[in-house]
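A look at the structure
Listed below are the residues making up each chain.
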Amino acid sequence: MAEKDKNMALSHILAAIGRNSLKPPGTLFSGGLSAEAPFFPEDILVWKSSSDRTVSDVSIHQRMILKIILSGNVITAVDGVRIPMKASDMILFFPFQFHSTRLLCAPSEYSFLAITFTEKTRNYSPLLPLKNHLLTPDADDAENIAGILRAYLRRERCAPETGVLALMDLLFAQRRKVLRRESAERTPSPVPQETADRISDYFRTHFNRQISLKSAAAEFGISEETLRRLFHKSYGEITPGSLIRRLRMQFAVELLEHTEEPVARIAEKCGYADAFVFSRAFKRLTGTSPLRHRSMVRRLPAGRNKDSDPQGN
């Protein structure tokens, strides 16, 4: 893409943001744009980075996040893949992906726009071609981003559905570009290059079941040592066991904060056969018990909860 087109796309985005602060929301699960149509994104939230929230250590989220670099140069690491990014570049983070940012510029020179959303059925498979790819908006994409911003900011009497449709147009336009590019670049290879990604996806989709290194290796028809090596290549120092624990705890936090499920049921949904084991694991990671966490988040006394804490905390 010509540099002129990229600069024009970035100008559209910056103009749409204008003087609005777009501060990070207090919660990522309410207050965003929504639509009732199935398979459409919902609960869309938008914010622009601030000086104290531009760079973090390794992050993991339960939502989809479209990150658009507004200024500066960085290297984004996602699932062990290092992707250089500059102004107007985009990347889409999927739920439970590990990602981090390393600045190649002064902190004051770096800023980004984040568009996060969920999907009613949590079916993100149509967007899988975008996973771990550098994305670049053209003028049409930039207009869709501007449309999302106008709807989110309630500008020009924009209906929320306008922003939802604009986000869908943006995502599927990028999907078509990636598929066309991959089709043109694809060359035969005797070794499947997607093995590491498939292993990562397997752990993300099976973390709430009784799985082991042995059963995962058998699933892919490889040895446990080969799985360790491929997994290390994808995740660095993060082991399969630590990934599974993190994924389970992230899911547990979401259920505790946004459902009325009893702790025993949450433990079961997260892959724990015993609520006591789950509560101990949760407290080791968070420093508090599941029920106390739920009460603190909702600012309610622990006595208001219907279920009892298996650890008595």
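As the structure is a prediction and not an experimental result, all values here were calculated from the model.

Counting its secondary structure elements, the chain contains ten helices and seven strands. Here the chain, with 313 residues, has 47% of them falling under the buried criterion. For the chain, the proportion of contacts with a sequence separation of at least 24, taken over those separated by at least 6, is 71%. Looking at the chain as shown, the accessible area adds up to about 16200 Å², and 52% of this sits on carbon and sulfur atoms.

Here we take up the nonpolar core. Counting 36 residues, the largest nonpolar core has Ile44, Val46, Leu92, Leu113, Ile115 and Ile145 as its most contacted members. At the level of elements, helix H1 (3–17), strand S1 (41–48), strand S2 (64–71), strand S5 (90–93), strand S7 (111–119), helix H2 (139–152) and helix H3 (160–185) are the ones that each hand at least two residues to this core. Ignoring sequence-local partners within four residues, the contact set of Ile44 consists of Gly32, Leu33, Ile115, Thr116, Phe117, Ile148, Tyr152, Gly163, Val164 and Leu167. Ranked by size, the runner-up nonpolar core spans 34 residues in total, among them Phe207, Leu213, Leu243 and Phe278.

Further remarks concern the pattern of salt bridges. Under the definition given, this model contains eight salt bridges. In this structure, Lys177 engages Asp141 in a salt bridge whose closest nitrogen and oxygen atoms are separated by 2.4 Å. Taken together, the residues span a long stretch of sequence, with Lys177 in helix H3 and Asp141 in helix H2 at a distance of 36 residues. Neither residue differs from the other here; Lys177 and Asp141 are each classed as buried.

Spatial ordering of the open sheet is given by S4-S3-S6, a layout of three strands whose pairing is antiparallel. Each of the sheet's edge strands pairs with one partner strand only, and the pair in question is strand S4 (81–85) and strand S6 (99–103). Between one strand and the next, the sheet's axes are offset by a mean angle of 25°, whatever the strand orientation. Relative to S4, strand S3 (residues 74–78) runs antiparallel, the two being bridged by five bridges. Note on S4: the bridge partner recorded for Val78 is Val81.

In this structure the tally under the stated criterion is four aromatic pairs. Taking the centre distance of 5.8 Å and the plane angle of 40° together, the rings of Tyr110 and Phe112 count as tilted. When sorted by exposure, Tyr110 lands in the same class as Phe112, which is buried. Measuring from ring centre to ring centre gives 5.8 Å for Phe207 and Phe251, while their planes differ by 85°; the resulting arrangement is edge-to-face. Within this pair, whereas Phe207 is found in the loop between helix H4 (195–206) and helix H5 (213–220), its partner Phe251 is found in helix H7 (residues 240–258), the two being separated by 44 residues in sequence. The same class applies to Phe207 and to Phe251, which are both buried. By the ring-pair criterion, three or more aromatic residues cluster together here, those being Tyr272, Phe278 and Phe282. Above the plane of the ring of Phe112 lies Lys67, whose end atom (NZ or CZ) is 4.6 Å from the centre. Looking at Lys131, its charged tip hangs above the ring of Phe94, at a distance of 6.0 Å from the centre.

Let us now look at the sheet that holds S2. The four strands lie next to each other as S1-S7-S2-S5, forming an open sheet whose pairing is antiparallel. Edge positions in the open sheet fall to S1 and S5, since each of these has one partner strand only. With strand direction ignored, the average angle separating the axes of adjacent strands in the sheet is 15°. Two elements, S1 and S7, share six bridges in a ladder whose sense is antiparallel. When the sheet's bridge partners are listed, Lys48 is paired in S7 with Leu113. Relative to the sheet, H1 contacts S1, S2 and S7, its axis offset from that of S2 by approximately 100°. Against the sheet, H2 touches S1, S2, S5 and S7, its axis set at about 95° to S1.

This part takes up the packing of H1 against H2. When two helices pack together, their arrangement is given by the angle between their axes and by how far apart the axes lie. H2 packs onto H1 with a crossing angle of 10° between their chain directions and a minimal axis gap of 9 Å. The pairing of H1 with H2 is recorded here as roughly parallel in orientation. Along the contact surface, H1 presents Ala9, His12, Ile13, Ala16 and Ile17, while H2 presents Ala142, Glu143, Ile145, Ala146 and Leu149. When its residues are assigned to classes, the contact of H1 with H2 shows eight nonpolar, one polar and one charged.

Conventions used here
Residues numbered from 1 in each chain as written. Predicted model: local features only at pLDDT ≥ 70, side-chain atom pairs only at ≥ 80, totals over all residues. Heavy atoms only, no water. Helix = DSSP H or I, 4+ residues; strand = E, 2+ residues; numbered from the N terminus. Buried < 20%, exposed > 50% of the residue type's maximum accessible area, 1.4 Å probe, protein only. Contact = heavy atoms within 4.5 Å. Areas by Shrake-Rupley, 256 points an atom, 1.4 Å probe, with all protein chains shown as cover. Core = buried A, V, L, I, M, F, W, Y, C linked by side-chain atoms within 4.5 Å. Salt bridge = Lys/Arg side-chain N within 4 Å of Asp/Glu carboxyl O. Pairing = 2+ DSSP bridges. Axes fitted to C-alpha atoms, helices over the stretch in contact; angles between N-to-C directions. Phe/Tyr/Trp six-rings, centres within 6.5 Å; stacked < 30°, edge-to-face > 60°. Lys NZ or Arg CZ within 6 Å of the ring centre and 35° of its normal. Parallel < 35°, antiparallel > 145°, perpendicular 65-115°, else oblique. Nonpolar A, V, L, I, M, F, W, Y, C, P; charged D, E, K, R; others polar.

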